[in-house]
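# Per-entry structural report
Spelled out from the first residue to the last, the chains are:
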Amino acid sequence: MNLLLLGGTAWLGHAVAKAAIGEGHDVTCLARGSAPAPEGARFVRADRDADDALHEVSEERWDAVVDLASEPGRVRRAVRALEPVAAKYVFVSSCSAYASHATIGADESTELLPALEADAMASMEQYGEAKAACEQAVRHAFGERRAAIVRPGLIGGPGDPTGRTSYWVRRFAAPSNEEAQVLAPDTPELPTAIIDVRDLADFIVALAAGSATGAFNALGDAHPLPAHLDSARAAAGSPAEIVAAPEAWLQDREVAQWMGPRSLPLWIAARDWYGMNARSTERARAAGLTLRPLGETLTDSLRHELEHGIPNPHGAGLTDAEERELLADFANAKW
Ligand SMILES: NC(=O)c1ccc[n+]([C@@H]2O[C@H](COP(=O)([O-])OP(=O)(O)OC[C@H]3O[C@@H](n4cnc5c(N)ncnc54)[C@H](OP(=O)(O)O)[C@@H]3O)[C@@H](O)[C@H]2O)c1
């Protein structure tokens, strides 16, 4: 297949390019070049905010295009330029495009957020609406028979630039305190799911090369948070003890949820968001999505961080000092 990848220099795009090259496809990556594209890919340097950005690649024929953008203007420009020369368009959207995250097991027919009219997001708060607008542009240009939309859930695995999906395995591997205690939220039923970047990349290549079209949720297997913590502890080979703190206690101490500084990653307090990480992946599995075990993803993530360093050391989770202070506070609390 002659594959045009709009992206390819960042984490997932790089993995998609590598997977496609590994399968013997001809891969061209188009990006500004903030980082190198994988060896074996042809690279076209272009800024997609420029009107003529797609000029060079619109003079060739493509079996498939894979687009990783989130700004509607970039996707609107790309589908206009590439519809005449590309057989199929695979757009990497997000589960954030859904209007509701309340239902466990919801499938792809769930309503999307209203599409962003503007070409660019005013802030990341508009990410879901922007992805919905990108999807709309792709469907409109390529029609149901030539468009495939992938809606990933949380992506993890070696090299996660956010550091959030590797927080728990990293925490178990290097506890902040001599007692080897790990502070976690007490959320026995919170669904978590991490799709390994390599599994997602393989699936995107399979969609580009195959005939399946329509929308596909692409999430890892759902595990309640305590099961994720058990897998992380096992992957780290750690004897650490989990100290499960009530959510209200954590919120009173301004511990953030999901990601970011002073957070407990993967934690979601709102019960009407419990469906976010527990969507149906039946369509994707039927179209070829296969998932490695969570333990393998966590083991490989930890190994990668030991070899290459933590990509975003203060970007996700509690620092050692923060965790120690919270654990001491918790031990002194009168329950
Ligand atoms: N992480 C998650 O958990 C998660 C969950 C759901 C969905 N997603 C989606 O998964 C995808 C992740 O992709 P990714 O890891 O490859 O990272 P990304 O940062 O979203 O990729 C952006 C790519 O687009 C290129 N780009 C950015 N601005 C450009 C411009 N003006 N002109 C041309 N190219 C431009 C970048 O390369 P240059 O900088 O070199 O131009 C890079 O290769 C995204 O679509 C994201 O929305 C992520």
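Coordinates for the structure precede this section.
Read on for a plain summary of the structure. Only a predicted model underlies this, so the values are computations on that prediction, with no experimental measurement involved.

## Describing the packing of helix α6 (residues 225-236) against helix α9 (residues 294-308)
- Contact pair α6 / α9: the axes reach a minimum separation of 9 Å and the direction vectors enclose 50°. Classified by the angle their axes make, α6 and α9 are oblique. The chirality of how α6 crosses α9 is right-handed. On α9, the residues that touch H228, S231, A232, A235 and A236 of α6 are L294, G295, L298, T299 and L302.
- Here the residues of the contact of α6 with α9 are counted per class, giving 6 nonpolar, 4 polar and no charged.

## So, the pairing of strand β4 (residues 64-67)
- Neither face of β4 is exposed, since A64 and V66 on one face and V65 and D67 on the opposite face are all buried.
- One ladder, built from 3 bridges, connects β4 with strand β5 (residues 89-92); its direction is parallel. Opposite V66, over in β5, you have V90 as the bridge partner.

## Some remarks on the pairing of strand β8 (residues 181-185)
- Taken across its 5 residues, β8 has 4 buried, putting it largely inside the fold.
- Here β8 runs beside strand β13 (residues 241-245); their pairing, made up of 5 bridges, is parallel. Its bridge partner being in β13, A184 is matched across the sheet by A244.

## As for the environment of T162
- Assignment of secondary structure puts T162 in the loop between β7 (155-156) and α4 (167-173).
- On a C-alpha basis, the gap between T162 and R285 in space is 27 Å, while along the polypeptide they are 123 residues apart.
- The residues contacting T162, other than those within four sequence positions of it, are N312, G315 and A316.
- Separated by 2.9 Å, the side chains of T162 and D160 make a polar contact.

## Looking at empty space enclosed by the protein
- Per the stated rule, a full pass over the model turns up 1 cavity of 30 Å³ or more.
- Put simply, the largest cavity is a space of about 80 Å³.
- Around the largest cavity, the lining residues are I194, I195, D196, D199, G220, D221, H223, L291, R292, P293, L294 and T297.
- Listing elements by their share of the lining of the largest cavity, those giving two or more residues are β10 (195-196) and α9.
- Each residue belonging to the lining of the largest cavity can be placed in one class, and the counts come to 5 nonpolar, 3 polar and 4 charged.

## As for the sheet that holds strand β6 (residues 147-152)
- The sheet built from 7 strands is open, its strands ordered β3-β2-β1-β4-β5-β6-β11 with parallel pairing. In this open sheet, the two strands that pair with only one neighbour each are β3 (42-45) and β11 (214-218). Averaged over all pairs of adjacent strands, the angle between their axes in this sheet comes to 20°, without regard to strand direction.
- Contacts between helix α2 (residues 72-82) and the sheet are confined to β1 (2-6), β4 and β5, with β5 contributing the most and set at about 170° to the helix.

## Points about the state of the cysteines
- Across all of its chains, the model carries 0 disulfides by this definition.
- C134 provides the cysteine sulfur closest to C29, a residue in no disulfide bond, and the two sulfurs are 19 Å apart.
- Its sulfur unpaired, C134 is 15 Å from the next cysteine sulfur, which belongs to C95.
- Looking at C134, the relative accessible area reads 0%, which means it is buried.

## Looking at the pattern of salt bridges
- In the structure shown here, the tally under the stated rule is 23 salt bridges.
- A network of salt bridges, in which partner residues are shared, links D196, R198, D199, R292, E296, D300 and R303.

Conventions we followed
- Residues numbered from 1 in each chain as written.
- Predicted model: local features only at pLDDT ≥ 70, side-chain atom pairs only at ≥ 80, totals over all residues.
- Heavy atoms only, no water.
- Axes fitted to C-alpha atoms, helices over the stretch in contact; angles between N-to-C directions.
- Helix = DSSP H or I, 4+ residues; strand = E, 2+ residues; numbered from the N terminus.
- Parallel < 35°, antiparallel > 145°, perpendicular 65-115°, else oblique.
- Left-handed = near helix turned anticlockwise from the far one by under 90°.
- Contact = heavy atoms within 4.5 Å.
- Nonpolar A, V, L, I, M, F, W, Y, C, P; charged D, E, K, R; others polar.
- Buried < 20%, exposed > 50% of the residue type's maximum accessible area, 1.4 Å probe, protein only.
- Pairing = 2+ DSSP bridges.
- Polar contact = N/O pair within 3.5 Å; in protein donor to acceptor, adjacent residues only side chain to side chain.
- 1 Å grid on protein atoms, 1.4 Å probe; cavity = no way out; pocket = protein on both sides within 12 Å on 5 of 7 lines; lining within 4 Å.
- Points joined across faces, edges and corners; volume = space filled by probe spheres on them.
- Disulfide = S-S within 2.5 Å.
- Salt bridge = Lys/Arg side-chain N within 4 Å of Asp/Glu carboxyl O.

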